[in-house]
Amino acid sequence: MSHFQRFGVDPDHMVHATGVRKSFGSLEVLKGVDLAVRKGSVACIIGPSGSGKSTFLRCINHLEEINEGLLLVDGDFVGYRLHDDKLHELPASAICRRRAEIGMVFQHFNLFPHMTVLENIIEAPLRVRGDPPAKAREAALQLLEQVGLQAKRDAYPRQLSGGQQQRVAIARALAMRPKLILFDEPTSALDPELVGEVLEVMKQLARGGMTMVVVTHEIGFAREVADELVFMDGGVVVEKGDPRQMIANPVSPRTREFLARVR
Amino acid sequence: MSSTDIHPAAIAPASSAYAPAIVPLRHPWRNAAVALVLLLLALLLYAVATNPEFQWPLVGHYLFNELILAGVGVTLLLTLLIMCLSCVGGTVVALMLVSRSRLLSVPARWFVWFFRGTPALVQLIFWYNLAVLFKHVGLYIPGLGTVFSVKTNDLITPFVAAVIALSLQESGYMAEIVRNGLKSVHRGQAEAALCLGMNPALLMRRIVLPQAMRVIIPPTGNETISLLKTTSLVSTIAVGDLLYSAQSIYARTFETIPLLLVVSIWYLAIVSLMSVGQRYLERHFSRDEAAR
């Protein structure tokens, strides 16, 4: 069900967050995050470690439950059902159905080590969506071609370099044909010479019109690809705007200080 | 032969550095130890082969005796049945152990504490004597009365007592083994599966358990071998396993030693077969590690 109207949310927002709060025990990590990501756009979130940017990303697909606030993906709640003006927690199976439409790429790839590259990619289309095997295989091979790894289809993840593993992880996420992909520091665990090949695949995705939320330290990538740059610090969005403008002329002194340090 | 026999240019061609030959270190003490072990082994074999009290011809005579073979069958059946039940039971208890609800994890911890903490033989005799505690086993529903009831002694035969007692004990051990296996799978694996839309059951079956199996199989193989031999305890409550069959023969004929040799040979043979099976299972669940 879509709640765009009820909450006065622009239907063009793929992700819509207002006042999102999240605590781990007594530690409040998100202290009221406001953010909107338009359909077909790329948002890059930067910020010092511990600023809550990864936690926020994990809240979007309900890997973490939020404590307060409004968080909609394509006009709907991922982990809840609205009824009698209350949010009722959904059973795991229902959350999974909604999560299948939101891809995620992790810092440490998290490929399934006991499956080959091809098996990694077709696993979810086969068993979650119920695609016929031939169709799933064909789609997977096409995705592998897109990320330039057809030759590695029968390799196991441990036989691949970090950059290759991350490209397979992206293909695996794409296999579910998501309407949104979340990237959690996708190049932070890579050797410097392997960062480029992963960013290249991501650029290609962005050009294809995929909606992406990217937590990253790659300022260069953000400047080139992002439609919006978001700077988070201390659990809130400190500044957001056009990446070129923001990198050249940050308004907040905290943004300026951070950008000076990472460049 | 001395180094002067060789032309210097042959040893040290102009292009590479002079490389002296390598002489491996000698191990005189190791060689002496090997000799000693071989000597002791020869003496033992000689003693075993020439001592008529071992009665080797009788061992051959009883090895495929009908009663012995029936005993082997019962031992194998017990081991298989108990292991299957405790794999299921152990997995259930392990899932309870890792549950976020303390109402599940605390009873599971008590279960493991109790059934690992008491000797198998005590539990065996306890279940065998269940009739002392409960004369009848039945289902009583308030308002409906007794739905059915059987005499405990009819239900708990020695075989059933053995299966229940050893399964409960083994489940306690298996629970810890499975829990360890589950713990060994990185959390990111479950998260990646969830993000692909897998529900918890699918994620457990396709992603977590297959990876946990690598950690679960080696100790489970150990447990199976240990269980095979533990089942010999059932001879104390008159279940006709391998040991009990041998005992019933030598109680009549007093051919104690040859029959115990027969029993040992059978246990060793079964354990050897199991080890081969274990190796195949291990290889199956670590296919990716074999790939280079």
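What counts, and where the lines are drawn
Residues numbered from 1 in each chain as written. Chains lettered and ligands numbered in written order. Predicted model: local features only at pLDDT ≥ 70, side-chain atom pairs only at ≥ 80, totals over all residues. Heavy atoms only, no water. Phe/Tyr/Trp six-rings, centres within 6.5 Å; stacked < 30°, edge-to-face > 60°. Helix = DSSP H or I, 4+ residues; strand = E, 2+ residues; numbered from the N terminus. Buried < 20%, exposed > 50% of the residue type's maximum accessible area, 1.4 Å probe, protein only. Lys NZ or Arg CZ within 6 Å of the ring centre and 35° of its normal. pLDDT = per-residue confidence, 0-100. Pairing = 2+ DSSP bridges. Contact = heavy atoms within 4.5 Å. Polar contact = N/O pair within 3.5 Å; in protein donor to acceptor, adjacent residues only side chain to side chain. Right-handed = clockwise from strand over helix to strand, strands pointing away. Salt bridge = Lys/Arg side-chain N within 4 Å of Asp/Glu carboxyl O.

Peer 1: Got a minute to help me understand the packing of aromatic side chains in this structure?
Peer 2: The description of an aromatic ring pair uses the distance of the two centres, along with the angle that the planes make with each other. Scanning the entire structure with this criterion turns up six aromatic pairs over all chains. Taken together, a centroid distance of 5.2 Å and an interplanar angle of 40 degrees make the contact between Phe231(A) and Phe258(A) tilted. You can see Phe231(A) sitting in strand S10 (residues 228-233) and its partner Phe258(A) sitting in helix H9 (residues 253-262), a full 27 residues away along the chain. Residue classification places Phe231(A) among the buried residues on the basis of a relative accessible area of 1%. With 5.8 Å between their ring centres and 15 degrees between their planes, Phe54(B) and Trp56(B) make a pair best called stacked. A relative accessible area of 23% places Phe54(B) in the partly exposed class. Through successive ring pairs, a cluster of aromatic residues spans Phe111(B), Phe114(B) and Phe115(B). Across from the ring centre of Phe7(A), 5.1 Å away, lies the NZ or CZ of Arg6(A), which sits over that ring.

Peer 1: What is the right way to look at the confidence of the model for chain A in this model?
Peer 2: Any segment with low pLDDT has predicted coordinates that should not be analysed in fine detail. For chain A, per-residue confidence averages 93 on the pLDDT scale, and 100% of positions sit at 70 or higher. The secondary-structure element of chain A with the lowest mean pLDDT is strand S5 (residues 80-83) of chain A, recorded at 87, while strand S8 (residues 180-184) of chain A shows the highest, at 97.

Peer 1: In this structure, what is going on with the pairing of strand S9 (residues 212-215) of chain A? I would like to understand it.
Peer 2: The side chains of a regular strand alternate between the sheet's two faces. Residue and element names in this part refer to chain A. Residues Met212 and Val214 point to one face of S9 and Val213 and Val215 to the other, with burial holding for every one of them. Pairing between strand S3 (residues 42-46) and S9: four bridges, direction parallel. Note on S9: the bridge partner recorded for isoleucine 45 is valine 215.

Peer 1: How should the side chain of His3(A) be read in this particular structure?
Peer 2: Tracing the sequence through the fold places His3(A) in the segment before strand S1 (13-24). The contacts of His3(A), once residues within four sequence positions are left out, are Gly75(A), Asp76(A), Phe77(A) and Leu82(A).

Peer 1: Which parts of the structure should I look at to understand the side chain of Lys203(A)?
Peer 2: All names here are of chain A. With respect to the helices, strands and loops of the structure, lysine 203 is situated in helix H6 (residues 192-207). Look at lysine 203 and you get buried, because its relative accessible area is 15%. A distance of 3.3 Å separates polar atoms of two side chains, one belonging to lysine 203 and the other to glutamate 224. In contact with lysine 203, not counting residues within four places along its chain, are Phe221, Glu224 and Val225.

Peer 1: In this structure, what is going on with the pairing of S8(A)? I would like to understand it.
Peer 2: All names here are of chain A. For S8, the tally of buried residues reaches five of five residues, placing the bulk of the element in the interior. Sheet topology places strand S7 (residues 102-105) next to S8; four bridges connect them, and they run parallel. Counted as the bridge partner of valine 105 is phenylalanine 183 from S8. Direction of pairing for S8 relative to S9: parallel, over a ladder of four bridges. By the bridge assignment for S9, isoleucine 181 is matched with methionine 212. In the classification by handedness, the crossover that spans S8, the intervening H6 and the parallel S9 is right-handed.

Peer 1: Teacher, can you tell me more about the pattern of salt bridges here?
Peer 2: Applying the stated criterion across every chain, the model contains 22 salt bridges over all chains. One salt bridge connects Arg6(A) with Asp85(A), and the closest N-O pair in it is separated by 2.6 Å. Note that Arg6(A) is positioned in the segment before S1 and Asp85(A) in the loop between S5 and strand S6 (86-89), a separation of 79 residues in sequence. What makes Arg6(A) partly exposed here is its relative accessible area of 47%. Close ionic contact of Glu176(B) with Arg179(B) constitutes a salt bridge, the shortest N to O distance being 3.2 Å. Here Arg179(B) and Glu176(B) lie together in helix H9 (residues 158-184), a separation of three residues that amounts to about one turn. Salt bridges sharing common partners tie together Lys39(A), Asp74(A), Glu101(A) and Lys179(A).

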